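Observations on the three-dimensional arrangement
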Amino acid sequence: MTPDGNDATPGEPSPEPGQAAPEPGGLMVRTVPIDDPRDLLARIPPAPALAWVRQGCGLVGWGEVARITLPAGEDRFTAGEKWLRDLFEGAVAEDRVQLPGTGPVAFGSFTFDPASDGSVLIVPRIILGRDQSGQAWFTTISDSPTDAAPEDDLAAAVDLAATGTRLRPDATAPPDATAPPDGTARPDGTGRLRWHDGSLTAPEWAQAVADAVGRIAAGTLRKVVLARDVIATAADPIDARVLLRRLAARYPDCFTFACANLVGATPELLVRRQGSEVTALILGGTAPRGTSEAEDAELAAGLLGSAKNTEEHAYAVASVRDALAPLCTELDIPSQPSLLKFANVHHLGTAVRGTLGPDRSVLFLAGELHPPAAVCGTPAETALELIRELEHMERGRYAGPVGWVDAQGNGEFGIALRCAEVAGERARLFAGCGIVAGSDPVAEVTETEVKFLPMRQALEG
């Protein structure tokens, strides 16, 4: 790669223009324990946000020491892993905490389709972390010894981060994430939204579902996941930090994430790796929540008893089993799914736990698991071809792995669902559904509207 990233060898991953990767050996990393910052998302200053937070725990970051944008290809995970390994192996690191997520860390977001460019890995300058016990840490990463934050300045740097929570010019504290919309344009850009159809209108997408059901009935494949998009345009630039805080407040059991302008709250953990332990949470099969306890219980029972939804879930479980079994000495997958309740939907879920055989990084595991049947279909190759034919859109990094990885290969990657690409005043929202032989096109459109809701509400206030 050239220093400016513009003339790299064809086919090789390149940094973003103006974001040349430091040479191996150039990173200076320091991680120290700090007092519990509690709300990680409130600490992000006015800067492009990096985040992976669930129930108040996880990582947030900002600034960039290095970024790489990977070209299309089945090898994009391998290429990203090699780039990070070269970068991290040469780092000079002082880690006084020694937990997963300390030391050098990269946030990553990968394209759904291997034919798509745009997978990205970002190493931030500042990282704040917090685990479930309340243990917290502060990491600084620099590409020059003169840029490293002196130890005496760490507390001041955390205080500086806290002052960045003034998201509105007139605010003296972070805005209430649960406050109702006031009907006026806000400085965060989420007032007076205008909504537009995406690549297909709802009736056009319903026809695509009908076409997919026809292919399944003909025996071409057993399941395909079709997605659609809608566009929101705001009066002012949209502040991703506001969206993150609203999503985290309303969906604390989801993984609230931000990476390279992709923002969302996903319920699905593709893979977590901590040492030799690997875990995953497989979702497949959806029903809305009820407006009363009786209606909610009825909808839950209907989901558990639905042949269509249990079939959809079984394909998702099988795809994860097939990917992880060769890599694990032990693999525990329950024979039946459980009912998982989120703020807006019920899901059928299966928790997976295994013990890795050969040492593999979470980034390698994410590459092996992608694309799972939960967001692609069965068989995967046939489903992917049908997605390209029927969706009439570029998914980009929607439904691709998103998360973080540290220098030891520990980390977490989810599936980028319930999310939007945010750029200036524009947000592009995505939602998808698993289509099997028993799918009804009208019901699938309704399900996408339910899945659009988290991001719609985050934008609207």
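For the structure, check the block above.
What counts and what doesn't
Residues numbered from 1 in each chain as written. Predicted model: local features only at pLDDT ≥ 70, side-chain atom pairs only at ≥ 80, totals over all residues. Heavy atoms only, no water. Helix = DSSP H or I, 4+ residues; strand = E, 2+ residues; numbered from the N terminus. Buried < 20%, exposed > 50% of the residue type's maximum accessible area, 1.4 Å probe, protein only. Contact = heavy atoms within 4.5 Å. Areas by Shrake-Rupley, 256 points an atom, 1.4 Å probe, with all protein chains shown as cover. Expected span 1.5 Å × (residues − 1). Axes fitted to C-alpha atoms, helices over the stretch in contact; angles between N-to-C directions. Parallel < 35°, antiparallel > 145°, perpendicular 65-115°, else oblique. Nonpolar A, V, L, I, M, F, W, Y, C, P; charged D, E, K, R; others polar.

Moving on, we come to the overall build of the chain. The helix and strand inventory of the chain stands at nine helices and 23 strands. A burial count over the chain gives 56% of its 461 residues as buried. Considering only contacts within the chain whose residues lie at least 6 apart along the sequence, 75% involve residues at least 24 apart. Accessible surface for the chain amounts to roughly 18500 Å². Of this, 50% is attributable to carbon and sulfur atoms.

Now for helix α1 (residues 76-89). Here α1 spans 20 Å end to end across 14 residues, near enough to the 20 Å set by a 1.5 Å rise per residue. Those residues of α1 that sit buried are Arg76, Phe77, Ala79, Gly80, Glu81, Trp83, Leu84, Leu87 and Phe88. The inward-facing, buried residues of α1 abut β4 (66-70), β6 (105-109), β7 (119-123), α7 (362-369) and β20 (401-406).

This brings us to the packing of α1 against α7. Between α1 and α7, the least distance of the axes is 9 Å, while the angle of their chain directions is 175°. Taken together, α1 and α7 sit at an angle that is classed as roughly antiparallel. The segment α1 lies against α7, with Phe77, Gly80, Glu81 and Leu84 engaging Leu363, Phe364, Ala366 and Gly367. Its residues placed into classes, the contact of α1 with α7 shows five nonpolar, two polar and one charged.

Moving on: unusual backbone geometry. Cis peptide bonds are those with omega within 30 degrees of zero, and the linkage from His370 to Pro371 qualifies with -5°. Looking at the secondary structure, you find Pro371 in the loop between α7 and β19 (377-378). Here the bond from Thr378 into Pro379 is cis, since omega is -10°, no more than 30 degrees from zero. Structurally, the position occupied by Pro379 is in the loop between β19 and α8 (380-390). One non-glycine residue, Ala260, lies in positive phi territory at about 50°. In this structure, Ala260 sits in the loop between β12 (255-259) and β13 (262-266). The class for Ala260 is buried, based on a relative accessible area of 15%. Despite not being glycine, His392 shows a phi value in the positive range, around 60°. On the basis of relative accessible area, His392 is assigned to the exposed category, the value being 54%.

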